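# A closer look at the structure
The chain contents come next:
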Amino acid sequence: MASNGGVTWRRTEEVHVLAVDDSLVDRKVIERLLRISSCKVTAVDSGLRALQFLGLDEEKSSNGLNDLKVDLIITDYCMPEMTGYELLKKVKESSAFREIPVVIMSSENVLARIDRCLEEGAEDFIVKPVKLSDVKRIKDYMTGEGEKERSSKGINKRKQRDSFDDLSSSPPSILSSPSPISSSSSSSPSPPSVQSASAPSSPSPLDSPTRRVKMASSK
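The shown structure was predicted, so the numbers you read here are calculated from the model rather than taken from an experiment. Residue indices begin from 1 for each chain and proceed along its sequence in written order. Whole-chain, interface and lining totals are the exception, using all residues; otherwise, since this is a predicted model, local features are given only for residues with pLDDT of at least 70 and side-chain atom pairs are given and counted only at 80 or more. Excluded from the side-chain calculations are hydrogens and water; all other atoms, namely the structure's heavy atoms, are used.

### Considerations on the packing of helix H2 (residues 47-54) against helix H4 (residues 84-93)
- One way to put it is that H2 packs onto H4 with a least axis distance of 9 Å and a crossing angle of 20°. By the angle class used here, H2 and H4 are roughly parallel. The way H2 lies across H4 gives a crossing that is right-handed. Where H2 abuts H4, its residues Gly47, Ala50, Leu51 and Leu54 lie against Leu87, Lys90 and Val91.
- Amino acids are sorted into nonpolar (Ala, Val, Leu, Ile, Met, Phe, Trp, Tyr, Cys and Pro), charged (Asp, Glu, Lys and Arg) and polar (every other residue, Gly among them). Among the residues making up the contact of H2 with H4, the classes are represented as five nonpolar, one polar and one charged. Comment: axis = line fitted to C-alpha atoms, over the contacting stretch for helices; angle = value between 0 and 180 degrees taken between N-to-C directions. Working definition: helices are DSSP H or I runs of at least four residues, strands are E runs of at least two. Numbering for both runs from the N terminus. Should an angle lie under 35 degrees it is considered roughly parallel, over 145 roughly antiparallel, and from 65 to 115 roughly perpendicular; all remaining angles are considered oblique. Helix crossings get a hand from a simple test, with the near helix turned counterclockwise from the far one by less than a right angle marking a left-handed crossing and a clockwise turn marking a right-handed one. Here a residue-residue contact requires only that any non-hydrogen atoms of the pair lie within 4.5 Å.

Listed below in structure tokens is the structure:
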């Protein structure tokens, strides 16, 4: 539970989610998944409509904040007029709403975009299509169930992926080193020449010095 400017956000069993997406199909999908997860849903089709609902647009004051009790905002990234990133910034700049978790959705898995949203304060970044497991994970976090699991698998998981990307960028220089070795090995003497070179190091009994001395004395 967080309190800002007299507005108290309660993470109750029924989580109230403000869903923002300009696509009617995607908006219906996320709304349905949230309702299946026993969430109360308010769906709007743009970032500007979301600001109007929250009372953060320029034309309206934020007098009715106590009646909203929005527990979570989930918004698409690419939208006309106002992107999900811009909506995120507006929410985080508000002293009354900055504590509300904001989840960004996108059909494109762009690492720079993910980093920018997380650095701005997004709670999570979901790549579409949104699945029921995504909604369940978010709800568990909101209700306090599995908060530890989220802290270990959320942003930390992204950092692990970044570390893996750093490591995966190094093998080309490592893998490129065997090629000179393989080329040099191809220019090395063939096995027969190696064997013929090693033959004098192990003389046969007939060619041994002792045998040659005995043969000379007998003559």
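### Concerning the packing of aromatic side chains
- Centre distance within 6.5 Å is the pairing criterion for rings of Phe, Tyr and Trp, where only the six-membered ring of Trp is used; planes under 30 degrees apart are then read as stacked, over 60 as edge-to-face, and the remainder as tilted. Counted under the stated rule, the structure contains zero aromatic pairs.
- Taking the ring centre of Tyr85 as reference, the NZ or CZ of Arg116 above it sits at 4.1 Å. Whether a charge lies above a ring is judged from NZ of Lys or CZ of Arg, which has to be within 6 Å of the ring centre and within 35 degrees of the ring normal.

### Here's the deal with empty space enclosed by the protein
- Only protein atoms enter the 1 Å grid used here, on which a cavity is any set of points holding a 1.4 Å probe that cannot leave and a pocket is any open set flanked by protein within 12 Å on both sides along at least five of seven lines; residues with an atom within 4 Å of a point are listed as lining. Grid points are joined across faces, edges and corners, and a volume is the space filled by probe spheres set on the points. Under the counting rule described, the total for this entry stands at two cavities of 30 Å³ or more.
- Empty space within the largest cavity amounts to approximately 50 Å³.
- Broken down by secondary-structure element, the contributors of at least two residues to the lining of the largest cavity are strand S5 (72-76) and helix H6 (132-142).
- The element that contributes the greatest number of residues to the lining of the largest cavity is H6, accounting for four residues.
- Among the residues forming the lining of the largest cavity, the class breakdown is nine nonpolar, no polar and one charged.

### Overview of the side chain of Asp134
- Looking at the element boundaries, Asp134 is found in helix H6.
- Look at Asp134 and you get buried, because its relative accessible area is 8%.
- Not counting residues within four places of it along the chain, the set of residues in contact with Asp134 comprises Ile126 and Pro129. Under the scheme applied here, a residue whose accessible area is under 20% of the maximum for its type counts as buried, over 50% as exposed, and between as partly exposed, the area being computed with a 1.4 Å probe on protein chains only.

### Topic: the environment of Asp57
- With respect to the secondary-structure elements, Asp57 resides in the loop between H2 and helix H3 (65-68).
- Under the relative-accessibility criterion, Asp57 is labelled buried at 13%.
- Here the alpha-carbon distance between Asp57 and Gly47, two residues 10 residues apart in the chain, equals 10.0 Å.
- Contact partners of Asp57, with chain neighbours within four places excluded, come to Leu51 and Gln52.

### A look at the sheet that holds S5
- One requirement defines pairing of two strands: DSSP has to find at least two bridges between them. Pairing in this open sheet of five strands is parallel, and the strands run S4-S3-S5-S6-S7 from one edge to the other. This sheet does not close on itself; its edge strands, each paired only once, are strand S4 (40-44) and strand S7 (124-127). Pairs of neighbouring strands in the sheet enclose a mean axial angle of 20°, with direction left out of account.
- Note: S5 against strand S6 (residues 102-106), four bridges, orientation parallel. Paired with Ile74 across the strands is Val103, a residue of S6.
- Packing of H4 onto the sheet brings it into contact with strand S3 (16-20), S5 and S6, and relative to S6 it is tilted by some 175°.

Such coordinate-based values are descriptive only and should not be taken to indicate function.
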